[in-house]
Amino acid sequence: MDRIEAFKSIAAQAGRGDLTFPTNVDATLKLQSALGDPDLHIDEAARLVQAEPLLAARTVAIANSVAYNRFGNDVTNVGAAVKRVGFRTLNALAAAVIVRQLDSKITRPDLRAKADQLWQHSAHVAALSQVIARRVTNIDPDTALFAGIVHEVGGFYLLSRAEEFPGLLDGEPEDWIEHGEMAIGRGVLTKLGVPGAVMEAIEAMWRGLRALPPETLGDTLMLANDLAPLDSPLHSRAGATTRHSAATIDFVTGEGTLASILEESAEEVRSLTAALF
């Protein structure tokens with residue numbers, strides 16, 4: 001099977017919902033579903049989070065990041081962290097754990113390096129999206145954080161399957177965009193129960209649709225992607241700028257300019273990105 005046929009085969013499976021996940025992903029999906037219950041008590045949520053060590057660690061780290069801890073009062077336990085960040089951020093953190101679990105079975109060093117770079121890219125995009133949403137586009141920052149975390153989940157799924165298809169990633173990056181990204185991405189996002197509004201924003205990003213100054217969640221993702229200091233190892237985004245050009249993007253907003261906002265928020269972005277690693 002050549003690489004184009006392999007892309008199409010994986011995409012067809014994803015389109016049917018026939019996805020091959022590590023067993024720990026299924027457990028975290030159940031946890032994510034439980035956290036989405038509107039009647040769940042916060043103490044029970046803390047108990048569920050405590051039972052998942054990686055999620056517990058991420059929750060405490062996020063709660064102590066500059067974005068959620070503006071007065072420097074660190075929390076030291078999961079219960080206090082859950083109360084501080086809230087259920088919507090917990091949902092985003094559960095998604096982050098799932099994304100990282102997708103590459104847990106990768107053993108080839110070159111694929112592991114790509115997965116690590118893709119996660120670093122995703123974490124930067126998520127942190128930047130949260131800040132841009134809150135201070136520029138005035139949309140829900142927790143939704144933007146979640147969207148940034150999952151926007152490359154199809155790429156993680158591809159990397160998790162790549163060892164089954166030798167040479168899959170040896171060709172042009174455009175092959176992934178043309179033959180796999182949308183179909184595989186949609187399949188995995190659907191499996192994760194990603195809300196329609198977030199799916200639409202990610203699809204707008206796939207198509208390279210954007211406005212400056214940014215207005216929508218899709219615009220927020222595109223701008224965060226352009227500004228992220230580390231690129232995806234799989235491709236360059238359609239409509240994306242060069243790294244040099246991204247550094248010159250600026251415009252006036254209600255709070256000043258993009259450059260001044262990013263400068264003021266640099267520690268917040270750094271802290272949030274570090275907490276997601």
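In this text, all values refer to a predicted model and were calculated from it rather than measured experimentally. (Residues numbered from 1 in each chain as written. Predicted model: local features only at pLDDT ≥ 70, side-chain atom pairs only at ≥ 80, totals over all residues. Heavy atoms only, no water.)

Draft legend 1. Geometry of the packing of aromatic side chains. Counted under the stated rule, the structure contains 2 aromatic pairs. Aromatic pair Phe21 and Tyr157: ring centres 5.8 Å apart, planes at 80°, arrangement edge-to-face. With Phe21 in the loop between helix H1 (3–15) and helix H2 (23–35) and Tyr157 in helix H8 (residues 153–161), this pair connects stretches of sequence that are 136 residues apart. The same class applies to Phe21 as to Tyr157, namely buried. (Phe/Tyr/Trp six-rings, centres within 6.5 Å; stacked < 30°, edge-to-face > 60°. Helix = DSSP H or I, 4+ residues; strand = E, 2+ residues; numbered from the N terminus. Buried < 20%, exposed > 50% of the residue type's maximum accessible area, 1.4 Å probe, protein only.)

Draft legend 2. Inspection of the packing of helix H4 (residues 53–63) against helix H5 (residues 78–102) at higher detail. The geometry of H4 relative to H5 is characterised by a closest axis approach of 8 Å and an angle of 125° between their N-to-C directions. The pairing of H4 with H5 is recorded here as oblique in orientation. Between H4 and H5 lies a crossing whose hand is right-handed. Residues Leu54, Leu55, Ala56, Arg58, Thr59, Val60, Ile62 and Ala63 of H4 form the contact with H5, whose participating residues are Val78, Ala81, Val82, Arg84, Val85, Thr89, Leu90, Leu93, Ala94, Ala96, Val97 and Arg100. Here the residues of the contact of H4 with H5 are counted per class, giving 15 nonpolar, 2 polar and 3 charged. (Axes fitted to C-alpha atoms, helices over the stretch in contact; angles between N-to-C directions. Parallel < 35°, antiparallel > 145°, perpendicular 65-115°, else oblique. Left-handed = near helix turned anticlockwise from the far one by under 90°. Contact = heavy atoms within 4.5 Å. Nonpolar A, V, L, I, M, F, W, Y, C, P; charged D, E, K, R; others polar.)

Draft legend 3. Geometry of the pattern of salt bridges. This structure, assessed with the given rule, holds 15 salt bridges. Two residues, Glu44 and Arg47, come together in a salt bridge whose shortest N-O distance is 2.6 Å. Here Arg47 and Glu44 lie together in helix H3 (residues 42–50), a separation of 3 residues that amounts to about one turn. Residues participating in the shared-partner salt-bridge network are Arg100, Asp103, Arg112 and Asp116. (Salt bridge = Lys/Arg side-chain N within 4 Å of Asp/Glu carboxyl O.)

Don't take any of this as a statement about function, it's just geometry.
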